[in-house]
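Fold and geometry: a report
Residues per chain are reported as follows:
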Amino acid sequence: MYSDKVMDHFRNPRNVGEITEPDGVGMAGNPVCGDMMELFINVDEEERIEEIKFRTFGCGAAIAVSSILTEMVVGLKIEEALKIDNKQIADELGGLPPVKMHCSMLGREALEKAVEDYRKKKMATAGV
Amino acid sequence: MRRVYLDHSATTPVRPEVLEAMLPYLKENFGNASSIHSFGQDARRAVEEAREKTAQAIGADPKEIVFTSGGTESDNLAIRGVALAKEKKGRHIITSAVEHHAVLDTCEQLEKQGFTVTRVGVDADGIVDPAEVESALRDDTILITIMHANNEVGSIQPIAEISRLAREREITFHVDAVQSLGKIPVKVDELGIDLVSLSGHKIYGPKGTGALYIRKGTKFKPLFHGGGQERKLRPGTENVPGIVAFGRAVELAVHELPEEARRLEVLRDRLMDGLLQRISELKVNGSRIKRLPHNVNVSVIYVEGESLILCLDMEGIAVSSGSACTSGSLEPSHVLRAMGIAHEVAHGSLRMTLGRDNTTEDVDYVLEKVPAIVERLRSMSPLYGHREGETVVVQ
Ligand SMILES: Cc1ncc(COP(=O)(O)O)c(C=O)c1O
Ligand code: FES
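Analysis parameters
- All residue numbers refer to position in the chain's written sequence, counted from 1.
- For naming, the first written chain is A and the first written ligand is 1, with later ones following in the order written.
- Reporting of local features is limited, given that this is a predicted model, to residues whose pLDDT is at least 70; pairs of side-chain atoms are given and counted only at 80 or more, and all residues count toward the totals for whole chains, interfaces and linings.
- Hydrogens are left out, water is left out, and the side-chain values use all remaining heavy atoms of the structure.
- To qualify as a helix, a DSSP run of H or I must reach at least 4 residues; to qualify as a strand, a run of E must reach at least 2; elements of each kind are numbered from the N terminus.
- Both definitions apply: the radius of gyration is a C-alpha atom measure, and the globule rule equals 2.2 Å times residues to the power 0.38.
- Working definition: with a 1.4 Å probe on protein chains only, accessible area under 20% of the residue-type maximum means buried, over 50% means exposed, and in between means partly exposed.
- What counts as an axis is a line fitted to C-alpha atoms, over the stretch in contact for a helix, and the angles between N-to-C directions run from 0 to 180 degrees.
- If an angle is under 35 degrees, it is roughly parallel; if it is over 145, roughly antiparallel; if it lies from 65 to 115, roughly perpendicular; otherwise it is oblique.
- Note on convention: near helix rotated counterclockwise from far helix by under a right angle means a left-handed crossing. Clockwise means right-handed.
- By definition in these notes, contact holds between two residues if any of their heavy atoms fall within 4.5 Å.
- Ten residue types, Ala, Val, Leu, Ile, Met, Phe, Trp, Tyr, Cys and Pro, are classed as nonpolar, four, Asp, Glu, Lys and Arg, as charged, and the remainder, Gly among them, as polar.
- Strand pairing follows a simple DSSP-based rule, namely that at least 2 bridges must link the two strands.

Scanning chain B from N- to C-terminus turns up 12 helices and 12 strands. For 395 residues, the compact-globule formula gives about 21 Å, and the C-alpha radius of gyration of chain B, at 22 Å, lands near that figure. Viewed in the frame of its principal axes, chain B has a C-alpha envelope of about 80 × 55 × 35 Å. Considering chain B as a whole, with its 395 residues, one finds that 58% of them fall into the buried category.

A word on the packing of helix α9 (residues 305–314) of chain B against helix α12 (residues 360–379) of chain B. Any two packed helices are characterised by how steeply their axes cross, that is the angle between the axes, and by the distance between the axes. Residue and element names in this part refer to chain B. Where α9 contacts α12, the axes come no closer than 10 Å and their chain directions differ by 135°. Between α9 and α12, the angle falls in the class oblique. In the packing of α9 onto α12, the handedness of the crossing is right-handed. Residues Ser-307, Leu-308, Cys-311 and Leu-312 of α9 touch α12, and the partners they reach there are Val-370, Ile-373, Val-374, Arg-376 and Leu-377. Tallied by class, the residues present in the contact of α9 with α12 amount to seven nonpolar, one polar and one charged.

All names here are of chain B. Orientation of helix α2 (residues 38–58) relative to helix α8 (residues 240–278), taken along the N-to-C sense of each, is 30°, at an axis distance of 8 Å. In terms of axis orientation, α2 runs roughly parallel to α8. With respect to the hand of their crossing, α2 and α8 are arranged in left-handed fashion. Contacts between α2 and α8 involve Ala-43, Ala-46, Val-47, Ala-50, Lys-53, Thr-54 and Ala-57 from the former and Val-240, Ile-243, Val-244, Phe-246, Gly-247, Arg-248, Val-250, Glu-251 and Val-254 from the latter. A class-by-class count of the residues in the contact of α2 with α8 yields 11 nonpolar, two polar and three charged.

Bringing the sheet that holds strand β4 (residues 116–120) of chain B into the picture now. All names here are of chain B. The seven strands are arranged β2-β8-β7-β6-β5-β3-β4 in an open sheet whose pairing can be described as mixed. The open sheet is flanked by β2 (65–68) and β4, the only strands paired with a single partner. The sheet shows a mean angle of 20° between the axes of neighbouring strands, direction not considered. Along the sheet face, helix α6 (residues 159–168) touches β5 (141–145) and β6 (172–176) and points at about 160° away from the line of β6.

Written out as C-alpha cells, the structure reads:
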C-alpha cells in the first residue's frame, strides 16, 4: 500500500520530539480524519530553519509526511520552506495512495502555523 | 520472526481437511452436477452431501439450504429476495446500526427504491435492545434483519427475543450469522429465524463460498434467473469444489465448537486482561460477557490505529482497526460510532480475532510486543500529556 520511502520514514521517523522554548510552534489538525501534528522550529538570524521537531498523531502516511517535511525544510530559509507544497512532499515520498493525499496537507499547515507563531513572537520582542 | 495472525474475523486459511475434501472436485471429479452421466452424478452426490452437512450443522432441512458465493451474496439475496416477494404486503424493514455493509448498503439501496428502513441503535456494548425493535414495528413491517454477532466488537445480539416479536406478527426474520457460525451455536429453530447468511472463508473454508438458509414456507423471490439450479432460487452451475469445501468446513466447525470455543475464550481473556494490565488508558470496546469467544477489541487512547497496525505488522502480528484512517471513506467505524464511542477513541481501536492456529505462546508474544509499540507511538503523539501539568482531555 505504501512506498518503501514512506515505510522507511514511518519506521525511522526523523526529528521526532519537541524543542523546549522553540522560536515557533504550530499545531495543525486534519479535519478529514481527525489527526494532528505539532511542529517546533528554531530559526537563525537569517531566518533559516536550523532545528525542527515534530509530534504526530495519525496514520502511517501522516507520520512519514511529518518526518520527510522536517528533512526537506531544515536549513532552508522560511520563505523557501513555505514554497513547498503538499504535492512535492508526496512526490518526495515516492507518492501516496490517493486516499492518503490529504495527510500531506497536515505538514504544510503545521509549518505555516509554526512560522506564524515565530513571527508573532518576534514582533512581540521587537515591540519591547 | 514469529508470525501471529490475529485477524480471523477478516478471513481464515483453508484447513487441510477442507482442502483435501475439495481437491478431487477440481481434478478428476470435475463434472457438472446437472449432467446425467456418472461424472455429473458424482458431482451431484457431493453437492447434496454438503447440503446435508450444512443443514445438520444449523438444525435445518437440506431443502432449506441454498449455496451462494458467500456472506455478501447471502445477505443481498435474503433481504432483496424477501423484500421483493412481500412488497405488496408492506415496504418497511427493520435493521440495526451495527450491521455489516452487505446488509446496511442493501437496505439503503432498497430505500432508494421506495422501501422505508428503521435502523435501531445499540447500547454502549454494541447490543440491540429488543424493546427498541418492538417500538420500531409497524403494520407494514415485512422484514427484520439483524446480525447474530458483530464482526468488529463481537457483541452477541438477543436473536431469540427479537424472533418472538417477529413470529407474533408474521414478520420474516433474517440473521447474518457469518461471524457466529462455528463460534457459538447457530440453530435455526432455537433462534426462531427464517433466513440465515453463512460464509465459508470465516470458518477455514475457501473464499467465495457460503450458503443461505431459507425456512420452508418463506415468501421469497430469486434475484438471478437461469438454469434452474438450487431449486431456481440461485441458478448457475454449482461451484462443486467450493460447495464440498464449505460443507466440510461447516461440519468441522460445528463439531469442534464446544471445545474450540472454550479454548479461544481462555486465550481471549488472557489477551484482553494482559493488555489491560500492561497498557494504561486502554478501553475495552464491546461487552465482556455477550461476546464472541475469539474477539478482542480495545482502544489505545492517544494513538492512531493504522500506525498501530503497521508497527505490529513489523513484529509479525496481523490485526485490524476501526480507525478513520484505515477506512476508504476516512470515517471511523460505524459500529464504534453507534456504540457512542468518541471519534478519538475509535481512532485508536484495535481488533484482534483469534483462531485455531493461535496458541498461548502467540498471545504472550503479542503481550510482550504491544506495550513498547504503544509507548513509542504515544511518545510521538501530540495528544499524549508530555509536559508537566499538561493534560489532554479525550472525551
Ligand atoms: C457479519 C458479516 N457479514 C457479511 C460478511 C461478508 O461475507 P463475505 O466476505 O463472505 O462476502 C462479513 C465478512 O466480512 C461479515 O463479517
Ligand atoms: S492521518 Fe488519517 S488518513 Fe492519514
